[in-house]
Amino acid sequence: MTSCTPLTPAAYHHLQLQPPPSAAAAAALSPSSPSSNTAAAATSSSRYENQKRRDWNTFGQYLRNHRPPLHLSRCSGAHVLEFLRYLDQFGKTKVHSHPCPFFGVPSPPAPCPCPLRQAWGSLDALIGRLRAAFEEHGGKPENNPFGARAVRLYLREVRDSQAKARGISYDKKKRSRNNNTNNKLSRPSTSSSSSAAGSASNVSGDRDHEC
């Protein structure tokens, strides 16, 4: 039976489980000049790369703290699932259980004792960064433990269970977002500022649900 020594607070501090910033939000916050857009894109890329490096280092420490210590070459999808479940203790998303009167209620009117978990969107983004980092460090795509079927199924299960517990639907939001995009493409734009404001509003609403 394996175990893992807990990560130090300093190490986990670097593991900021947040989805990457949306393009719409970045566009709304940055000036419209080409040089400003280029600088914003470079900043966004730099932040992503820095976050990916921190995530990779934290996962490496997790493997070293594993009992017995686990080398990356022997890491499997099962070990990735252990890591994700371990991170739940640091979660900030309230996930209601079936006996809770707020199960399926999007905006509970009062607090409850249900546990805090990592949000599905944060875990999905984390796996995406670690999957890319694995291959950047010489790993073969076919041996990538972060792309294992078990990991994909786990993320899907977390997404569906959190959607039911929190009274939200990720699929409906995705379809709604696609419909809004198609509508914008099919009709003439009245002004760039109103379009950007609408996009930022949609993104803000989605991020509120995922946090």
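Conventions used here
Residues numbered from 1 in each chain as written. Predicted model: local features only at pLDDT ≥ 70, side-chain atom pairs only at ≥ 80, totals over all residues. Heavy atoms only, no water. UniProt positions renumbered as here; feature names shortened; annotations may be inferred. Helix = DSSP H or I, 4+ residues; strand = E, 2+ residues; numbered from the N terminus. Buried < 20%, exposed > 50% of the residue type's maximum accessible area, 1.4 Å probe, protein only. Contact = heavy atoms within 4.5 Å. Areas by Shrake-Rupley, 256 points an atom, 1.4 Å probe, with all protein chains shown as cover. Axes fitted to C-alpha atoms, helices over the stretch in contact; angles between N-to-C directions. Parallel < 35°, antiparallel > 145°, perpendicular 65-115°, else oblique. Left-handed = near helix turned anticlockwise from the far one by under 90°. Nonpolar A, V, L, I, M, F, W, Y, C, P; charged D, E, K, R; others polar. Patch = residues over 30% accessible without salt bridge, like charges linked within 9 Å, V, L, I, M, F, W, Y side chains within 5 Å. Salt bridge = Lys/Arg side-chain N within 4 Å of Asp/Glu carboxyl O. Lys, Arg positive; Asp, Glu negative; His and termini not counted. Charge placed at Lys NZ, Arg CZ, Asp CG, Glu CD. pLDDT = per-residue confidence, 0-100. Core = buried A, V, L, I, M, F, W, Y, C linked by side-chain atoms within 4.5 Å. Polar contact = N/O pair within 3.5 Å; in protein donor to acceptor, adjacent residues only side chain to side chain.

- The name that an unreviewed UniProt entry assigns to the chain is ALOG domain-containing protein, with the source organism given as Linum tenue.
- If you open the UniProt record of the chain and go to Subcellular location (unreviewed entry), you find "Nucleus".
- Of the chain, the UniProt comment under Sequence similarities (unreviewed entry) reads exactly: "Belongs to the plant homeotic and developmental regulators ALOG protein family."

## Some points on the overall build of the chain
Part 1: Helices and strands together make up the secondary structure of the chain, namely eight helices and four strands.
Part 2: In sequence order, the secondary structure elements of the chain are arranged as β-α-α-α-β-α-β-β-α-α-α-α.
Part 3: Of all 211 residues assigned to the chain, the portion counted as buried reaches 33%.
Part 4: Restricting to contacts in the chain with at least 6 residues of sequence separation, those with at least 24 account for 71%.
Part 5: Within the structure as shown, the chain displays about 12900 Å² of accessible surface, and the carbon and sulfur contribution to it stands at 55%.

## Comments concerning the packing of helix α5 (residues 120-136) against helix α6 (residues 149-166)
Part 1: For the pair α5 and α6, interaxial distance at closest approach is 9 Å and the crossing angle is 160°. What the angle tells us is that α5 and α6 run roughly antiparallel. Seen from above, α5 lies across α6 with left-handed handedness. Residues W120, L123, D124 and I127 of α5 form the contact with α6, whose participating residues are V151, L155, V158, R159 and Q162.
Part 2: Class assignment of the residues belonging to the contact of α5 with α6 gives a composition of six nonpolar, one polar and two charged.

## A word on helix α4 (residues 77-87)
Quick reminder: α-helices carry 3.6 residues per turn. Residues three or four places apart thus point the same way.
Part 1: Among the 11 residues in α4, eight count as buried, and that is most of the element.
Part 2: Those residues of α4 lying buried are G77, H79, V80, L81, F83, L84, Y86 and L87.

## Let's talk about a positive patch on the surface
Part 1: Positive charge collects at one region of the surface, where R131, R149, R152 and R156 lie side by side.
Part 2: In terms of residues, the positive patch owes the most to one element, α6, which gives three residues.
Part 3: Tracing the chain through its elements places R156 in helix α6.

## Description of the confidence of the model for the chain
Part 1: Mean pLDDT over the chain stands at 75; residues scoring 70 or higher make up 61%.
Part 2: Considering each helix and strand of the chain separately, the mean pLDDT is smallest for helix α8 (residues 192-210), with a value of 37, and largest for α5, with 96.
Part 3: Contacts for the low-pLDDT stretch residues 23-31, under 50 throughout, to residues beyond four places or in other chains number seven contacts.
Part 4: Note that pLDDT drops below 50 for residues 188-211; the model gives that stretch 26 contacts with residues more than four away or on any other chain.

## Considerations on the nonpolar core
Part 1: Counting 24 residues, the largest nonpolar core has F83, L84 and F146 as its most contacted members.
Part 2: Those residues in contact with F146 that lie beyond four places of it in its chain are W56, F59, V80, I127, L130, R131, F134 and V151.

## Considerations on the side chain of T58
Part 1: Tracing the backbone through its elements, the reader meets T58 in helix α3 (residues 34-65).
Part 2: Separated by 2.9 Å, the side chain of T58 and the backbone oxygen of R54 make a polar contact.

## Overview of the pattern of salt bridges
Part 1: Per the counting criterion, the structure on display carries four salt bridges.
Part 2: Two residues, K52 and E49, come together in a salt bridge whose shortest N-O distance is 3.1 Å. Of this pair, K52 and E49 are both found in helix α3, three residues apart, which corresponds to roughly one turn of the helix.
Part 3: What you see here is one network of salt bridges that share partners, running through E49, K52 and E136.

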